[in-house]
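# Per-entry structural report
The lines below spell out each chain.
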Amino acid sequence: MSNQANTSSDQMHSVLQESRKFPPPTDFASRAHIKSPEQYEQMHRRSVEDPEGFWGEAAKDLHWFKPWDSVLEWNMPDAKWFVGGKTNLCYNCLDRQVNAGLGDKTAIVWESEAVDADGKPNVIRLTYADLLKKVSKFANVLKQLGVKKGDVVTIYMPMIPELAIAMLACARIGAPHSIIFGGFSAAAIRDRVEDGKSKIILTADGGWRRGKAVPLKQNADDGMDLTSLVETCVVVQHAQNDITMKPGRDQWWHELMQGASDDCPAEELDAEDLAFILYTSGSTGKPKGIMHTTGGYMVYTYLTAKHTFDLHPEDPDELFWCTADIGWITGHSYIIYGILPNRVPTLMYEGGPNFPAEDRFWDIIERHKVTKFYTAPTAIRAFMKWGDEHVEKHDLSSLKLLGTVGEPINPEAWMWYHEKIGGSKCPIVDTWWQTETGGHMLTPKPGATTTVPGSCTTPALGIDAAAVNSEGEEVETNTGGILVIRKPWPAMLRGIYGDRDRYIDTYWTKVPGLYTAGDGARKDEDGNFWIMGRIDDVIIVAGHNLGTMEVESALVSHASVAEAAVVGFPHEIKGTGVAAFVILRTDMPTGDEAEVLKKELAAHVGKELGPIAKPDQIKLTEALPKTRSGKIMRRLLRDIAAGVEITSDITTLEDKGIVEKLQRG
Ligand code: WTA
């Protein structure tokens, strides 16, 4: 197993080493929540030895309508946290602050790439009180549309304030949301709507991306045409692009809001009531609807945000910016749910990082004086490529901490981030976690942890992580193993929506009794973890999870494709690119005809799954390399796609001539 985790060429970046170590800057450490390695050790030990005591105390920072009877009930693989407790995620994001006299404090700073009439950046600031009013109004709108506690509300929106309002309104009335990333297309919308049996979609006419309006309403229409489930569609007017409104089904957000009351008390929800479903790619074709519940997710994202980003609400300058889209778990947890209860303003940006120019992010940091900045390695690699001059134009001295998430960060990118963006003075938190984990799992504690470029370092509080063999025994130091979590934590997924067997099969059987993340990892002599990439058929393209089987299914759904195999290969910016090997039903085309078909296939995948999934390379082939037992030799395909020497053992290959043909073609 260790080899499997080790040799994946998808993860080129994780193997480069940088031996320098970076202790926390002294002034940062002196005012941090966790100030020293000893303090972390002591807190961590307590959190895993006495989880009930530790989490019971943490939860008391937040508001409960009724306290819990017991902190944890654990029947592997089912956890219940804060059993019997009644609370509300939205109440803890908004009312708690307003009730504490902080109604006038900024909750969200929103900026769009689109400029206003005088060419000035379009910025909206919403206080906790503003947001509470708007959220309460929209919660009443949802009720008036017939949405009840437990009904799944599909949200397909750009990064606009209404997205935050919509999700918080769902949380307020106990209607789980299912947010679909705006880069997904009609088929993905249909699949998620049908899986969640959702009768309502919230969308917008369009969203801005690099100067163009992405036609979200049109995509939603195409998705709704593929299913008969959706009865209501609420549309925010935002980009003012042309759309069609279907009478009886489609309604304008602003019209519904006009008459709505702004009084809507938060529902007293059970700690284990479903908070949301979020779909993530799996190793088989169908995405998994990951379920998160109210109380545990709330407490865990609150505490990890506080400790990982060392948030200080008493500091009037504190401004946190996570660049993820809310359509991903990173946006759910660290733009909205984990940040608002910490009483620190959160910045939300709609648009591209290079619009109107490649310095847009640095311009935002300078203008708003962002203090904590959280982004993905793929973005950092793009910034490096665009050139230092875009960074050097701006004063980034407001920054105090930098974070990354989504894939291993290669040490070169880490060093560039540290020096060019952080001015060599900001701790970097490389956070490892997953849609399934709800919040950070392995991450530096910025005031306590000595960081090493490329390592996500040590477990978050309450997390018992290990690299093990398939029997669950810890492997030796610096040996690759399967990354597992040995004890339940509050924000762990509660299952896959509608698929109990798949939940058990995916997470609890590879190493019986322990949560397996699907990643390989090793632990070094200092106790730092190094993620070695996926051990299943999931690849991470530009920080986004993609099941290779999903892309294969999309390809075979094209009339001219008989069979397809998809693998990842090292890509300078995206980390991993998508390579597809395709067998046609028709005769093999040549020259221009072949190029036209490849373009068509790439566009087809884009249409089915969204632009992220479009193959970067397509090879048309008459056969695929298979073992005598008929298994596609994926490792061999990875070498071919990467253009490197074949290192796999090809003795079991049925037709050896095929390798040469694939390398040529
Ligand atoms: C990968 C994103 C290395 C990993 C929050 C994981 C990482 C998958 C890191 C989950 C990191 C995420 N270092 N790998 N800091 N963060 N990953 O569900 O393979 O979109 O299993 O959640 O991303 O991706 P997901």
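Look a little higher up for the structure.
Conventions and cut-offs
Residues numbered from 1 in each chain as written. Predicted model: local features only at pLDDT ≥ 70, side-chain atom pairs only at ≥ 80, totals over all residues. Heavy atoms only, no water. Near = heavy atom within 4 Å. Polar contact = N/O pair within 3.5 Å; in protein donor to acceptor, adjacent residues only side chain to side chain. Nonpolar A, V, L, I, M, F, W, Y, C, P; charged D, E, K, R; others polar. Axes fitted to C-alpha atoms, helices over the stretch in contact; angles between N-to-C directions. Helix = DSSP H or I, 4+ residues; strand = E, 2+ residues; numbered from the N terminus. Parallel < 35°, antiparallel > 145°, perpendicular 65-115°, else oblique. Contact = heavy atoms within 4.5 Å. Pairing = 2+ DSSP bridges. Buried < 20%, exposed > 50% of the residue type's maximum accessible area, 1.4 Å probe, protein only. Salt bridge = Lys/Arg side-chain N within 4 Å of Asp/Glu carboxyl O.

## Observations concerning the site of the ligand
Surrounding the ligand, one finds 17 residues, the nearest of these being Asp430, Thr431, Thr435, Asp519 and Arg534. Take Thr431: an N or O atom from its main chain is 2.7 Å from a nitrogen atom of the ligand. Residues that form the shell around the ligand fall into these classes: 7 nonpolar, 6 polar and 4 charged.

## Considerations on the packing of helix 4 (residues 51-59) against helix 12 (residues 294-308)
At a minimum axis distance of 10 Å, the contact between helix 4 and helix 12 shows a crossing angle of 85°. With respect to their mutual orientation, helix 4 and helix 12 come out roughly perpendicular. Where helix 4 abuts helix 12, its residues Phe54, Trp55, Ala58 and Ala59 lie against Val299, Tyr300, Tyr302 and Leu303.

## Describing the environment of Ile290
Counting through the fold element by element, Ile290 comes out in strand 15 (residues 288-293). Note: C-alpha distance between Ile290 and Asp191 (99 residues apart in sequence) is 14 Å. Sequence-distant contacts of Ile290, defined by excluding residues within four places in its chain, comprise Phe276, Ile277, Leu278, Thr280, Thr435, Glu436, Leu493, Gly495, Ile496 and Tyr507.

## Quick notes on the sheet that holds strand 4 (residues 106-115)
An order of 5-4-17-16-18-19-20 is seen for the 7 strands of this open sheet, with the pairing classed as mixed. The open sheet has two edge strands with one neighbour each: strand 5 (121-127) and strand 20 (428-431). Taking the axes of each pair of neighbouring strands and ignoring which way they run, one obtains an average angle of 20° across the sheet. With 7 bridges joining them, strand 4 and strand 5 adopt antiparallel strand pairing. Note on strand 5: the bridge partner recorded for Val109 is Arg125. Packing of helix 8 (residues 161-173) onto the sheet brings it into contact with strand 4, strand 5 and strand 17 (346-350), and relative to strand 17 it is tilted by some 125°.

## A few points about the pairing of strand 21 (residues 465-468)
Side chains Ala465 and Ala467 of strand 21 all project onto a buried face; the interleaved residues Ala466 and Val468 project onto the opposite face, where all are buried too. Relative to strand 22 (residues 481-485), strand 21 is paired through 4 bridges, and the arrangement is antiparallel. Each bridged residue has a counterpart across the sheet, and for Val468 the counterpart in strand 22 is Ile482.

## Observations regarding the pattern of salt bridges
Under the criterion given, the structure shown has 33 salt bridges. We note a salt bridge from Asp118 to Lys120, for which the minimum N-O separation is 3.9 Å. When its relative accessible area of 58% is taken as the criterion, Asp118 is described as exposed. What makes Lys120 partly exposed here is its relative accessible area of 48%. Here Arg634 and Glu552 are joined by a salt bridge, their closest N and O atoms 3.1 Å apart. Here Glu552 lies in helix 19 (residues 548-556) and Arg634 lies in helix 21 (residues 634-642), a separation of 82 residues in the sequence. With relative accessibility at 19%, the residue Arg634 sits in the buried group. Here the salt bridges share partners, and the residues they tie into one network are Glu111, Arg360, Asp363 and Arg367.

In short, shape yes, function no, at least from these values alone.
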